[in-house]
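# Report on the structure
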Amino acid sequence: MDFDVPILSDSEEPPPPPTGRIDLDALLNDLTGPQREAVLHTEGPLLVLAAAGSGKTRVITRRIAYLIHCGVPAWQILALTFTNKAAGEMRERIHAILSPSGDGRAVRGLTVTTFHSLCARLLRRYAEPAGLKPDFTIYDTSDQTALVKKAIETCQLSTSNFPARSVLTAISNAKNDLVDADAFAAASFDYTTKVVARVYRAYTDAMRRANAVDFDDLLLLTARVLARNADVREECRRRYQYLLVDEYQDTNKAQFQIASLIVGTQTEPGTRGPNFCAVGDPDQAIYGWRGADISNILEFEEHYPGAKVITLGENFRSTPAILSAADTLIRINRRRKHKPLFSSKAGGEPVEVVSCNDERQEAAIVAHWLKERHTHAAWRDMAVFYRTNALSRVMEDALREANIPYTIARGTAFYEREEVKNALAYLRVVANPADSVSLGRIINVPTRGIGATTYSRIEAAADQTAVTAFEVLRRAESVPDLTARAAGAISKFVAMVDGWTGGGSFMGQSVPHTLHDLVDRIVKESGLESMYKAQAAASQNESDLERMENLAELVSSAAEFEKEWDPAADPAAAAGGDSSAPPLLALLRAYLESIALVADADAVDPSQGSVTLMTLHAAKGLEFPAVAIVGLEEALLPHAREMENDAAMEEERRLCFVGITRAMRRLLMTHAKYRTIRGIPERTVPSRFLAELGKGNTIVSDRGRDEEDAWEHDSRSGAAHASGASPRRPGAGAAFPVGCNVRHPQFGIGVVQTVTGGANARVSVLFRGIGLKTLVLEFARLSKV
DNA sequence: CATAAGTCTTTTTTT
DNA sequence: AAGACTTATG
């Protein structure tokens, strides 16, 4: 085979010659020129700008296979993806290329994982230099919120002045920018920032005392330990000679730092620089709100001088009709390097745009559209995307009504259920007794006479003596003001936990020896199961029975995990960590970690034979022959909270672009003229993005009623009007049409976004410098400008 | 201390 | 509409 691509022209140290283990021809001959070039460029920094649908995954998997084929030991290769599912698929595809017959020796030691999993693994391995204990718990958002709340209280502040959510956001943003509590305090001058700095400090202290880390800590602490500890850095560098990062446009500063510390940035003269391959697409950057910094990808060449840049522009996924709509839309973004999208396919149906009356009709229309598609395509080949999770509900109802099988991509949904969270909290206390948030959650669930007063006394004692709450429980007699009854209840609780852990040793006859046994016993002996059983009996409620089933499902998921777990292959265990941990504890830890790091997109399972429902964010990286995107309305997509500045608006547009480019053959985009938001029906405005698709690319139809009818319908379907109350005509609303400029005595100048009808008509106005406010029309002191 | 009822508020997106 | 949070009552 004759390739016009120089294979190793500019490298001094060519990799070992191909060993001929695989069919090189098969690996390369169906690739385009640029794709092949990306696969063959193994040495030195490489940036692959991969447009949507340009065969990115194929290039990545072939490239890794090629590296191994060239003799690079698989264990020297580290590939980082966005979700576990992407990692799993990639690993499978590489495996399929290298050892089709399946012995898997060629890929042994290859690391394909997410940033967060890698960091968790490194932090367990290097717990000590990171200032942690290896059995740390990973806190999710609700755990974080609980702890921030407590931190706010310890700082003697009020959560009404400083809502936990916003403080947490500030802390999280700081961490994403690699600003720790000390640095934050040093840089805070105004009152609010200083307060946040105090809470940040208190929160961090509480976190360490609970032997816990949050998602941001995984990245921050890893970056810090790599930066400050030369030994750790060297060890990682020696191990990971080849780094590949996918979705590079969505990495934040911490991730950027981790990557550059692992590969090293110093380029001695004459060398070609680190073997770092970044793959991404600036047009698909949709995580700015969580600290992702698009300049990581835009400035790659400055960070890694001499980097080779390859652009994959040809789209193999979508019809020209869909592609043209996507391209017309994304061209509107000003801060953007134009990158033409082109297709080798021909024809295709135009994008269908449908106006609906309300969200229920919208859902019914989508269901009907899916049914039509089903005459040619399988359910698994279709998907429905929406901006916010709240929109899934109506869609679910409609699909159930239409007998269409569906699955919602919400990886964490199961683990967020109350009963499952409770059972997991027990497991976390067993794995890490210092975990105060989990302990607080379950100490009186089911009720066992240890109420809020008692527990706050325990916590106070723990804070004062700087020991963990669980240790205080062990010697509850010494806690002042505890009632004898409470003390008795506490010692029973401690005895129960000790029964599962053997007092922490995980040894002894009566202690569980398998994860399955442990989880099963905890669910039963904690009283959780009987509590929900009693509730189910009392209420005859379907959802209470469901809780029982969920507990059973958790037990079997633990059994499943146990069966598949290979201690040798387990990242945490294999990386060393504290190898002294009892085997069951190591297993439990791995189980809890796998749960903590599930992504929504992980729940997408094409083998399910059902339509997939998911957010636009979760849709990134996927493709479906038929796609419907719902809720194309101003204030929803683009979202109200992101309409205030151009950068945010452009990110919303990219989000829409990501949704469109998932579609291979058919695309439906809908909006509802009326949508019920938090209980009140509101008039909406079609998304600007619909107009921006380009007239020639779409075929538009209106299935909604006209305005007058809609108002009538709206006031009647408001259902809960007090009898006799005459629904207000849109008279007042008409005075402030959507888009009109208004003045408010307090908020200043703004633009009307939505106007509702009904008994309590609202008007929402986007005020300059203030944001979106919803006012009761009758009382709003608004005047037209 | 436990529970029920009533009031208030509301991150959109996620590892 | 749904959940978090507060207060009243036994």
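What you are looking at is a predicted structure, and each value in this text was computed from that prediction instead of being measured.

## Considering the overall build of chain A
Check the secondary structure of chain A and you find 32 helices and 23 strands. Of all 785 residues assigned to chain A, the portion counted as buried reaches 54%. Across chain A, every contact between residues at least 6 apart in sequence was considered, and the portion connecting residues at least 24 apart equals 74%. Put simply, chain A shows about 34,700 Å² of open surface, and 50% of that area lies on carbon and sulfur atoms.

## Let's talk about the packing of helix α26 (residues 542-564) against helix α28 (residues 583-596)
At a closest axis distance of 11 Å, the pairing of α26 and α28 adopts a crossing angle of 115 degrees. One way to sum up the angle between α26 and α28 is to call them roughly perpendicular. Crossing angle aside, the handedness with which α26 passes α28 is right-handed. Contacts between α26 and α28 involve L554, S557, A558, F561 and E562 on the former and, on the latter, L587, A590, Y591 and S594. Here the residues of the contact of α26 with α28 are counted per class, giving 6 nonpolar, 2 polar and 1 charged.

## Description of the confidence of the model for chain A
When pLDDT drops low, the exact placement of atoms in the prediction is not to be read closely. Looking at chain A as a whole, its pLDDT mean stands at 86, while 85% of the residues score no less than 70. Residue range residues 708-734 is modelled with pLDDT below 50. Its contacts to residues more than four positions away, or to other chains, number 31 contacts.

## Re the environment of N333
Here N333 lies in the loop between α16 (320-330) and β10 (342-343). Separated by 190 residues in the primary sequence, N333 and D143 place their C-alpha atoms 38 Å from one another. Sequence-distant contacts of N333, defined by excluding residues within four places in its chain, comprise E650, R653 and R654.

## Structural notes on unusual backbone geometry
Of note, the bond from V445 into P446 is cis; its omega dihedral lies within 30 degrees of zero at -5 degrees. With respect to the helices and strands, P446 occurs in the loop between α20 (436-442) and α21 (452-465). Here the residue pair L637 and P638 is connected by a cis peptide bond, since its omega of 10 degrees sits within 30 degrees of zero. Although it is not a glycine, Q156 adopts a positive phi angle of roughly 60 degrees. Within the secondary structure, Q156 sits in the loop between α7 (141-154) and α8 (164-176). Of note in this structure, L178 is not a glycine but carries a positive phi near 65 degrees. With respect to the helices, strands and loops of the structure, L178 is situated in the loop between α8 and α9 (181-186).

## Quick notes on the pairing of strand β6 (residues 242-245)
What you see with β6 is no split at all: Y242 and L244 on one side and L243 and V245 on the other are buried throughout. As paired strands, strand β2 (residues 77-81) and β6 are joined by 4 bridges and run parallel to one another. Its bridge partner lying in β6, L78 is registered against L243.

## Section: the nonpolar core
Judged by nonpolar contacts, the single largest core of 56 residues is most densely connected at L427, L439, L473, F493, L515 and L518. Look past the residues within four positions of L515 in its chain and what remains in contact with it is A558, F561, E562, L584, L587, L588 and Y591.

## Quick notes on the packing of aromatic side chains
What the rule picks out here adds up to 13 aromatic pairs. Look at F385 and F624: their rings are 6.2 Å apart centre to centre, the planes differ by 65 degrees, and that puts the pair in the edge-to-face class. One end of the pair, F385, is in strand β12 (residues 382-386); the other, F624, is in strand β15 (residues 624-629), and 239 residues separate them in sequence. Summarising the burial analysis for this pair, F385 and F624 share the class buried. Each member of the aromatic cluster is reached from another via a ring pair, and the members are Y248, F276, F300 and Y304. Over the ring of Y287 we find R290, and its NZ or CZ is 4.4 Å from the ring centre. The side chain of R373 reaches across the aromatic face of W369, ending 5.1 Å from its centre.

Cut-offs used in this document
- Every residue gets a number counted from 1 within its own chain, in the order that chain's sequence is written.
- Following the order in which they are written, the chains are lettered starting with A and the ligands numbered starting with 1.
- Two thresholds apply to this predicted model, a pLDDT of at least 70 for residue-level local features and 80 or more for giving and counting side-chain atom pairs, whereas whole-chain, interface and lining totals are computed over all residues.
- Side-chain metrics rest on all non-hydrogen atoms present in the structure, leaving aside hydrogens and water.
- Each helix corresponds to a stretch of at least 4 residues labelled H or I by DSSP, and each strand to a stretch of at least 2 residues labelled E; elements are numbered beginning at the N terminus.
- Type-normalised accessible area, obtained with a 1.4 Å probe on protein chains alone, sets the label of each residue: buried when under 20%, exposed when over 50%, and partly exposed for intermediate values.
- Note on contacts: a residue pair is in contact if any heavy atoms of the two residues lie within 4.5 Å.
- Calculation of accessible area relied on Shrake-Rupley with a 1.4 Å probe; when residues are assessed, cover is drawn exclusively from the protein chains displayed.
- Here, axes are lines fitted to C-alpha atoms. For helices the fit covers the stretch in contact, and angles between N-to-C directions go from 0 to 180 degrees.
- Just so you know how the angles are binned, under 35 degrees is roughly parallel, over 145 roughly antiparallel, 65 to 115 roughly perpendicular, and the rest oblique.
- By convention the crossing between two helices is left-handed if the near helix lies anticlockwise of the far one by an angle smaller than a right angle, and right-handed if it lies clockwise.
- In this classification, Asp, Glu, Lys and Arg are treated as charged, Ala, Val, Leu, Ile, Met, Phe, Trp, Tyr, Cys and Pro as nonpolar, and every other residue, Gly included, as polar.
- Every residue gets a pLDDT, meaning the predictor's confidence in that residue, from 0 to 100.
- Two strands pair if DSSP finds at least two bridges between them.
- Here, the term nonpolar core denotes a set of buried Ala, Val, Leu, Ile, Met, Phe, Trp, Tyr and Cys residues that are joined through side-chain atoms within 4.5 Å.
- For Phe, Tyr and Trp, rings pair up if their centres lie within 6.5 Å, where Trp contributes its six-membered ring, and each pair is then called stacked (planes under 30 degrees apart), edge-to-face (over 60) or tilted (otherwise).
- Two conditions define a charge located above a ring, namely a distance within 6 Å from the ring centre to NZ of Lys or CZ of Arg, and an angle within 35 degrees of the ring normal.

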